[in-house]
Amino acid sequence: MNNPSFTSWDKSNGLLYDYSKNEYPTKLYAWNQAPTTFSGASKLDSAKNMPLSVTYYGYVFEGDTQLSLSNNSYNLKTGMYFSCTERFTLSGGSGIIIKRIGEKGMFVIGGAIEERGRLNYIDGCTDSLLIPPTLMGNACLNHLHFPAGIDQTMHTHPSMRVGMVAKGNGNCITPFGDVELYTGQIFIIHQETGKKSQGLNNKDYLEGSHCFQTFDSTMDVIAYHPDSDYGPQHEEHPMINMTIVDGISAKNIDTIKSKVYNDQ
């Protein structure tokens, strides 16, 4: 399925979509049982004269999966998720891998995802921030939960959304055609850039316009965002905020703030 708002695939294997020319360079992959290896940083970042950072975000859709790194291996179960920045191999199971080019995240393993999100979203939906941005502006991985009977408000996003239907089913409604959503489906919601295309009713709509519906079933979605407007900053984070010198937070004392090289 492919339209100006939404592209989807059945459970698959290999590279599915290449967004590497986007302002938030990203690639979407899937793996299915067979051992699959993903490389770490390799291409040279000319601005820093060092290897270009990459971070991989993964979600295990189904089956036992072994995550093997250079010096360790981990057994992942259905519903677990991870991020890493070095070369790794996945064996067994199936799921999705999203590669964010140009950012250095952290090694994280978590899950399985919970029954609902921890945060309020819109129109009765909830979400959880599974892997937060290391710094404000960086990518993140989310779990979005739809109760049964949801009819979302039509909306867009300023950057792509990449993910998978982890559980349940529903519909994605777009002006360019509706898409049935089902467990195991991989998808991209395309970013809104201001460009318009003709909808099914012959009127023009912003590309990326969409909303979700559920009926008798709940639905759980894994959603990668390539950027964020939230997260810690060098001068605004819990460690520095709650360090007090003579009654003053260290974030307000320039003379003692660390000045470090940032490779993010």
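Scoring rules and cut-offs
- Residues numbered from 1 in each chain as written.
- Predicted model: local features only at pLDDT ≥ 70, side-chain atom pairs only at ≥ 80, totals over all residues.
- Heavy atoms only, no water.
- Buried < 20%, exposed > 50% of the residue type's maximum accessible area, 1.4 Å probe, protein only.
- Helix = DSSP H or I, 4+ residues; strand = E, 2+ residues; numbered from the N terminus.
- Pairing = 2+ DSSP bridges.
- Phe/Tyr/Trp six-rings, centres within 6.5 Å; stacked < 30°, edge-to-face > 60°.
- Polar contact = N/O pair within 3.5 Å; in protein donor to acceptor, adjacent residues only side chain to side chain.
- Contact = heavy atoms within 4.5 Å.
- Axes fitted to C-alpha atoms, helices over the stretch in contact; angles between N-to-C directions.

A word on the pairing of strand S3 (residues 26-32)
Reasoning step 1: Counting buried positions along S3 yields six of seven residues, so the element is predominantly enclosed.
Reasoning step 2: As judged from the five bridges shared by strand S2 (residues 14-19) and S3, these two strands associate in the antiparallel manner. Counted as the bridge partner of Leu-15 is Tyr-29 from S3.
Reasoning step 3: A loop of six residues connects S2 with S3, the two strands running antiparallel in sequence.
Reasoning step 4: As defined by bridge partners, S3 adjoins strand S12 (residues 94-101) across seven bridges and the pair is classed as antiparallel. Paired with Tyr-29 across the strands is Ile-97, a residue of S12.

Some remarks on the packing of aromatic side chains
Reasoning step 1: The final tally for this structure, using the stated rule, is eleven aromatic pairs.
Reasoning step 2: Plain terms: the ring middles of Trp-9 and Tyr-17 are 6.1 Å apart, the flat faces sit at 70 degrees to each other, and that makes the pair edge-to-face.
Reasoning step 3: Of the residues examined, Tyr-17 reaches a relative accessible area of 27% and is grouped as partly exposed.
Reasoning step 4: A ring pair is formed by Phe-38 and Phe-88, whose centres lie 5.1 Å apart and whose planes are at 20 degrees; its orientation type is stacked. Of this pair, Phe-38 sits in strand S4 (residues 36-38) while Phe-88 sits in strand S11 (residues 88-91); the two residues are 50 residues apart in sequence, bridging distant segments of the chain.
Reasoning step 5: A network of ring pairs unites the aromatic residues Tyr-29, Phe-38, Tyr-56, Phe-82 and Phe-88 as a single cluster.

A closer look at the sheet that holds strand S17 (residues 161-168)
Reasoning step 1: The strand order S1-S20-S17-S24-S16-S15-S14 describes an open sheet built from seven strands, whose pairing is antiparallel. The open sheet has two free edges, formed respectively by strand S1 (6-9) and strand S14 (119-120), since each of these has just one partner strand.
Reasoning step 2: The pairing of strand S15 (residues 126-131) with strand S16 (residues 140-146) spans five bridges and is antiparallel. Within the sheet, the bridge partner assigned to Leu-129 lies in S16 and is Asn-142.

Side note on unusual backbone geometry
Reasoning step 1: The linkage connecting Gly-111 with the following residue, Ala-112, adopts the cis geometry, with an omega of 10 degrees.
Reasoning step 2: Within the element layout of this structure, Ala-112 appears in the loop between strand S13 (108-110) and S14.
Reasoning step 3: Backbone geometry at Gln-33 places phi at a positive 75 degrees, although glycine is not the residue there.
Reasoning step 4: Its place among the elements puts Gln-33 in the loop between S3 and S4.
Reasoning step 5: Positive phi, normally seen in glycine, also occurs at Asp-123, with a value near 55 degrees.
Reasoning step 6: Tracing the backbone through its elements, the reader meets Asp-123 in the loop between S14 and S15.

Looking at the side chain of Ser-159
Reasoning step 1: Position of Ser-159 relative to the elements: it lies in the loop between S16 and S17.
Reasoning step 2: Among the polar contacts made by the side chain of Ser-159, one reaches the side chain of Arg-161 at a distance of 2.8 Å.
Reasoning step 3: A polar contact is formed between the side chain of Ser-159 and the side chain of Asp-227, at a distance of 2.6 Å.
Reasoning step 4: When neighbours within four sequence positions are excluded, Ser-159 is seen to be in contact with Tyr-24, Gln-191, Pro-226 and Asp-227.

Notes on the sheet that holds S2
Reasoning step 1: If you trace the six strands from one edge of the open sheet to the other, you get S2-S3-S12-S7-S10-S13, paired in antiparallel fashion. Edge positions in the sheet fall to S2 and S13, since each has one partner strand and no second. Strand-to-strand twist in this sheet, taken as the mean axis angle between neighbours without regard to direction, amounts to 15 degrees.
Reasoning step 2: Alignment of strand S10 (residues 81-84) against S13, held across three bridges, turns out to be antiparallel. The residue bridging Phe-82 from the neighbouring strand is Ile-109, located in S13.

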